[in-house]
There are 2 protein chains.
Amino acid sequence: MTTIYDVARQAGVSVATVSRVLNGEAHVAPETRQKVLHVVQQLGYRRNGLARGLATRATRLLAFLVPDISNPYFPEVARGVEDAANAAGYHVILCNTDDRARKEQEYLEALLDRRIDGAVIIPVAEGSRVPKLLKGTGLPAVLLDRDIDPELDTVMADNVAGARQAMRHLLGLGHRRIAAITGPTRSSTARERLEGYRQALAEHEIPFDPDLVVEGDFRRPSGYQGMLRLLDLPQPPTAVFAANDMMALGALHAAEERGVRVPEDLAVVGFDDIALAEATRPKLTTVAQPKYEMGRLGVELLLQRIPEGGRRGQGRRPQRLVLESRLVVRQSSLIVRSQLAPEPVPAANGKGV
Amino acid sequence: MTTIYDVARQAGVSVATVSRVLNGEAHVAPETRQKVLHVVQQLGYRRNGLARGLATRATRLLAFLVPDISNPYFPEVARGVEDAANAAGYHVILCNTDDRARKEQEYLEALLDRRIDGAVIIPVAEGSRVPKLLKGTGLPAVLLDRDIDPELDTVMADNVAGARQAMRHLLGLGHRRIAAITGPTRSSTARERLEGYRQALAEHEIPFDPDLVVEGDFRRPSGYQGMLRLLDLPQPPTAVFAANDMMALGALHAAEERGVRVPEDLAVVGFDDIALAEATRPKLTTVAQPKYEMGRLGVELLLQRIPEGGRRGQGRRPQRLVLESRLVVRQSSLIVRSQLAPEPVPAANGKGV
DNA sequence: GGTTTATGACGACCATTTATGATGTGGCCC
DNA sequence: GGGCCACATCATAAATGGTCGTCATAAACC
């Protein structure tokens, strides 16, 4: 590999001058600059990021940890993260933690060793050691989507309100037996969406029925399994609220297999609004999250915590950003008697279907 | 940040000894080892990967460049890459090139600057500058899925044979007007699958009809658009072969919207066998690729090219691995008169549906 | 007494950045 | 015209945090 010394020698200048040219600093005569650039080109020189990082104490590298890249929800967030990071001159390392605390920790340690400048993290649902690691090392970081530590910057969607909206929609259609397929209860996201479910039932003075709630893991097969169990109930639900779209897809699949028509026999509502929600057989009614925005904002917050010159937001208090989510009504929940109202809907009388 | 010197001082040993302990070398007394490890723990010391990489000339970091993470095909390959890399003590940086040559080049340059040890690359379909960059820099690399340069290690599926299998299946069912939704013709994968399509037609002495071939971009919307165009033909096809599953999903969507029943009025076959293929309304018949295996083998080949001690496979000739693909028959192609035969099927007489 | 083992001390090296200081040039003032 | 100063331009050398090899030393073992 050619080094900065090779370039300096070839160009007849000192390494300091080459460095100045490469870093776009002032105080270099135009001819010298040209000469250096020409040699750089000619030798195909690329500066060594390791040595650079060592000297500058910055790598211009961020990490984005996600629990499951095969869930299309995350790539959309990732795009927001990437665009914002690139715009600020950073690159992003994407790491898949498989929703396992062990893997999450290993990755974070490897990244720490490599001296990344910061991390955006969607923590694993259960037993994340991220808060401890972050506090121990002082690595600038922002958490996304899941709320696991009040002392860390966090960007999330308004899950309670989103779930409530979805439920009010179903309730407004006249449904009274509404099931829920939740995420793992260790996940704050899952808990909040369940809370929205309960609140909406309470508003309508419908008793909470534990039999109508099954726990999934945010993956499609668990939605499928959960729906089968719900359909096997002596008195099956007329509507189901799934805590994310992938599980809603699984639920649609189960219904179809059992010959249960959606939305005629069963209304289905999801959460996230992934691109596929528009591609299902009856298009999926779902609660849309500002995914791209969430990624973008996460990086914005993160950059404020990275010194870079005048240690600005260093001691800033932890921020919590809660982004609005909004219901997107499609075909999987049929509108029968009342139109969807954005605000609480008075309880309808009969059953919707 | 604490350095190795801090540890050495605190433990009352030399930096050499600390280094020996950390690198698991022999010739360290158990008590000394314990003492050092204890201080490391206590100080929360993490060695500096930058300094380390600089000294050892290795980062134990690989990159995996993919054109589109939102296509579920790629995460499955990624898992194979990641598992194989981790098993060998490497970490993987995942980069999304958006199928744009510009972004691909920028990423590769940034990775080169950071002195990654090697790269697994699914090159962009059009105008990739990867071969030139690789040859210029000597970075160990393996190409996946797309065949763009005979001088570089490449792992791919047998696209021609896969497409032929899919077509023979449709032909065996009696279909004679079979359309194709191809990928971008600049992509070798797309060209090869189209070649399989043509070969199978030729076997059955069916003339190639350009009107029945539309070009997509491997994304779902293009499959949707393409299918609409095919259905608008004066004499629409009775079957369609999509060059990947995402476009097949789009095709299913278009058919459903036009009231065309699948498989009764239209048989649909895809390519890839992504997880979603089992979750569509009529389950999708498709050609399965060994995705995980492709990723795993790519890394295996790559590791052979990374010196690490005794520059083994350095001058080895470029390898080409072609993995078998196999047809998975599901509901979207109805089997009517003949069962699927694994080998060439004699042309049937009547029409299948 | 010779060999093996555990460790320290030392220094070269990895490829940069950057503070500091040297050099040269020109302008300005007297 | 000479001396002085400011300033642009560039070189030198010291970090940055490790690895690794050589050599020395001391103790233990045979």
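About the thresholds
Residues numbered from 1 in each chain as written. Chains lettered and ligands numbered in written order. Predicted model: local features only at pLDDT ≥ 70, side-chain atom pairs only at ≥ 80, totals over all residues. Heavy atoms only, no water. Helix = DSSP H or I, 4+ residues; strand = E, 2+ residues; numbered from the N terminus. Rg over C-alpha atoms; globule rule 2.2 N^0.38 Å. Buried < 20%, exposed > 50% of the residue type's maximum accessible area, 1.4 Å probe, protein only. Areas by Shrake-Rupley, 256 points an atom, 1.4 Å probe, with all protein chains shown as cover. Phe/Tyr/Trp six-rings, centres within 6.5 Å; stacked < 30°, edge-to-face > 60°. Lys NZ or Arg CZ within 6 Å of the ring centre and 35° of its normal. Least-squares fit on C-alpha atoms with pLDDT ≥ 70 in both. Contact = heavy atoms within 4.5 Å. Disulfide = S-S within 2.5 Å. Buried area = accessible area lost by both parts, 1.4 Å probe. Salt bridge = Lys/Arg side-chain N within 4 Å of Asp/Glu carboxyl O. Nonpolar A, V, L, I, M, F, W, Y, C, P; charged D, E, K, R; others polar. Domains from an automatic or database assignment. Pairing = 2+ DSSP bridges. Near = heavy atom within 4 Å. Polar contact = N/O pair within 3.5 Å; in protein donor to acceptor, adjacent residues only side chain to side chain. Axes fitted to C-alpha atoms, helices over the stretch in contact; angles between N-to-C directions. Expected span 1.5 Å × (residues − 1). Core = buried A, V, L, I, M, F, W, Y, C linked by side-chain atoms within 4.5 Å. pLDDT = per-residue confidence, 0-100. Right-handed = clockwise from strand over helix to strand, strands pointing away.

### Some points on the overall build of chain A
- A tally of helices and strands in chain A yields 12 helices and 12 strands.
- Relative to a compact globule of 353 residues, whose C-alpha radius of gyration would be 20 Å, chain A shows 26 Å and is clearly more extended.
- In chain A, which comprises 353 residues, the proportion classed as buried is 56%.
- For chain A, the accessible area works out to roughly 15100 Å², and carbon and sulfur atoms hold 50% of it.

### With respect to the packing of aromatic side chains
- Enumeration over the complete set of coordinates arrives at six aromatic pairs over all chains.
- Ring geometry for Y197(B) versus F208(B): centroids 6.2 Å apart, planes at 80°, classification edge-to-face. In this pair, Y197(B) is assigned in helix α9 (residues 188-203) and F208(B) in the loop between α9 and β7 (213-215), connecting sequence segments 11 residues apart.
- Above the face of the Y90(A) ring, R60(A) is positioned so that its terminal group lies 4.3 Å from the ring centre.

### With respect to the relation of the copies chain B and chain A
- Note on the copies: chain B fits chain A at an RMSD of 0.2 Å, the axial shift is 0.1 Å, and the rotation between them is 180°. One copy is carried onto the other by what is essentially a two-fold rotation axis.
- A shared binding surface is used by both copies, with 98% of the interface residues of chain B retained as interface residues in chain A.

### Comments concerning unusual backbone geometry
All names here are of chain A.
- In this model, V262 is joined to P263 through a cis peptide bond whose omega is 10°.
- Note on placement: P263 falls in the loop between α11 (245-257) and β9 (267-272).
- The backbone of D273 shows a phi angle near 60°, a positive value even though the residue is not glycine.
- As for its placement among the helices and strands, D273 is situated in the loop between β9 and β10 (285-288).

### Considering the state of the cysteines
- Evaluation of the coordinates by the stated rule reveals zero disulfides over all chains.
- In this model C95(A) remains outside any disulfide bridge; the closest cysteine sulfur is found in C95(B), 10 Å from its own.
- Judged by its relative accessible area of 3%, C95(A) is buried.

### Quick notes on the interface of chain B and chain A
- Taken together, the contact between chain B and chain A spans 44 residues of the former and 45 residues of the latter.
- Between chain B and chain A lies a buried interface of about 4400 Å² when both sides are counted; carbon and sulfur atoms form 53% of it.
- Our count for the contact surface shared by chain B and chain A stands at eight salt bridges.
- Here E82(A) and K103(B) are joined by a salt bridge, their closest N and O atoms 3.4 Å apart.
- Among the elements that line the side of chain B that touches chain A, the one with the most residues is helix α6 (residues 101-113) of chain B, at six residues.
- In terms of residue class, the side of chain B that touches chain A is made up of 17 nonpolar, 10 polar and 17 charged.

### Let's talk about the domain arrangement of chain A
- You can read the domains of chain A as domain 1 (4-47), domain 2 (58-152 + 291-323) and domain 3 (159-289).
- Taking the mean C-alpha position of each, domain 1 of chain A and domain 2 of chain A sit 36 Å from one another.

### Digging into the pairing of strand β5 (residues 154-157) of chain B
Residues and elements named next belong to chain B.
- Residue alternation in β5 divides its side chains into two sets, T154 and M156 and V155 and A157, and both sets are buried.
- Strand direction decides the pairing type here: β5 and strand β11 (residues 320-323), joined by four bridges, are parallel. Within β11, the residue paired with A157 across the bridge is L323.

### Topic: the protein's contact with DNA strand D
- Around DNA strand D, 28 residues are found, and the nearest of them are S14(A), T32(A), R57(A), I4(B) and Y45(B).
- Considering the 4 Å shell around the protein, atoms of DNA strand D inside it are sugar or phosphate in 68% of instances.
- In the model, a sugar or linking oxygen of DNA strand D is placed 2.8 Å from a nitrogen or oxygen of the Y45(B) side chain.
- At 3.4 Å, a backbone N or O of N48(B) approaches a phosphate oxygen of DNA strand D.
- For the surface near DNA strand D, the secondary structure elements donating two or more residues are α2 (15-22) and α4 (49-56) of chain A together with α1 (4-11) and α4 (49-56) of chain B.
- Ranked by the residues each element gives to the surface near DNA strand D, the list is headed by α4(B), at five residues.
- Of the residues in the surface near DNA strand D, the class split is 12 nonpolar, 11 polar and five charged.

### Observations regarding the sheet that holds β9(A)
All names here are of chain A.
- Spatial strand order, β7-β6-β8-β9-β10-β12: six strands in an open sheet with mixed pairing. If you trace the sheet from one side to the other, it starts and ends with β7 (213-215) and β12 (326-328), each paired once. The average angle at which neighbouring strand axes cross in this sheet is 20°, direction not considered.
- Two elements, strand β6 (residues 178-182) and β7, share three bridges in a ladder whose sense is parallel.

### Comments concerning the protein's contact with DNA strand C
- Neighbouring DNA strand C are 26 residues, the closest being S19(A), Y45(A), T17(B), A29(B) and T32(B).
- Here, DNA strand C places atoms within 4 Å of the protein, and 82% of those atoms are sugar or phosphate.
- At 3.2 Å from a phosphate oxygen of DNA strand C is found a main-chain nitrogen or oxygen belonging to S14(B).
- R57(B) is positioned with one of its side-chain polar atoms (N or O) 3.2 Å from a phosphate oxygen of DNA strand C.

### Regarding α9(B)
Residue and element names in this part refer to chain B.
- For α9, which comprises 16 residues, the first-to-last C-alpha distance of 22 Å matches the rise-based estimate of 22 Å (1.5 Å per residue) to within 8%.
- Looking at α9, one finds that the buried residues are S188, T189, A190, E192, R193, L194, G196, Y197, A200 and L201.
- Looking at the buried side of α9, the elements it contacts are α8 (159-172), β6 (178-182), β7, β8 (239-242) and β9 (267-272).

### A short note on the environment of L266(B)
All names here are of chain B.
- Relative to the elements of secondary structure, L266 occurs in the loop between α11 (245-257) and β9.
- In the structure, L266 is positioned 118 residues away from I148 in sequence and 34 Å away in space, judged by C-alpha atoms.
- Setting aside anything within four residues of it in sequence, one finds L266 in contact with M227, P237, T238, A239, V240, A255, V260, R261 and S332.

### Topic: the nonpolar core
- Judged by nonpolar contacts, the single largest core of 160 residues is most densely connected at F64(A), Y197(A), F64(B) and Y197(B).
- If we skip the residues at most four places from it in the chain, F64(A) touches F74(A), V77(A), A78(A), V81(A), V92(A), I93(A), L94(A), C95(A), V120(A), I122(A) and L144(A).
- The next biggest cluster of nonpolar side chains, apart from the first, holds 38 residues, and it includes I93(B), I116(B), L143(B) and L152(B).

### Let's talk about the confidence of the model for chain A
- Taken as a whole, chain A shows an average pLDDT of 89; of its residues, 92% reach a score of 70 or greater.
- Scored below 50 in pLDDT, residues 337-353 of chain A makes 28 contacts in the model with residues more than four places away or belonging to other chains.

### Considering the side chain of R330(A)
All names here are of chain A.
- With respect to the helices, strands and loops of the structure, R330 is situated in the segment after β12.
- Within polar-contact distance, the side chain of R330 engages the side chain of D273 at 3.1 Å.
- Ignoring sequence-local partners within four residues, the contact set of R330 consists of D273, A277, E278, K283, L284, T285 and T286.

### Description of the pairing of strand β3 (residues 118-121) of chain B
Residue and element names in this part refer to chain B.
- Every second residue of β3 is oriented toward a common face, with G118 and V120 on one face and A119 and I121 on the other, all of them buried.
- Both strand β1 (residues 61-66) and β3 contribute to a ladder of four bridges, which runs parallel. When the bridges of β3 are listed, A63 appears paired with A119.
- Across three bridges, the pairing between β3 and strand β4 (residues 141-144) is parallel. Note that in β4 the partner of A119 across the bridge is A141.
- As for the winding sense of the linkage, the β-α-β connection from β3 through helix α7 (residues 130-137) to β4 is right-handed.

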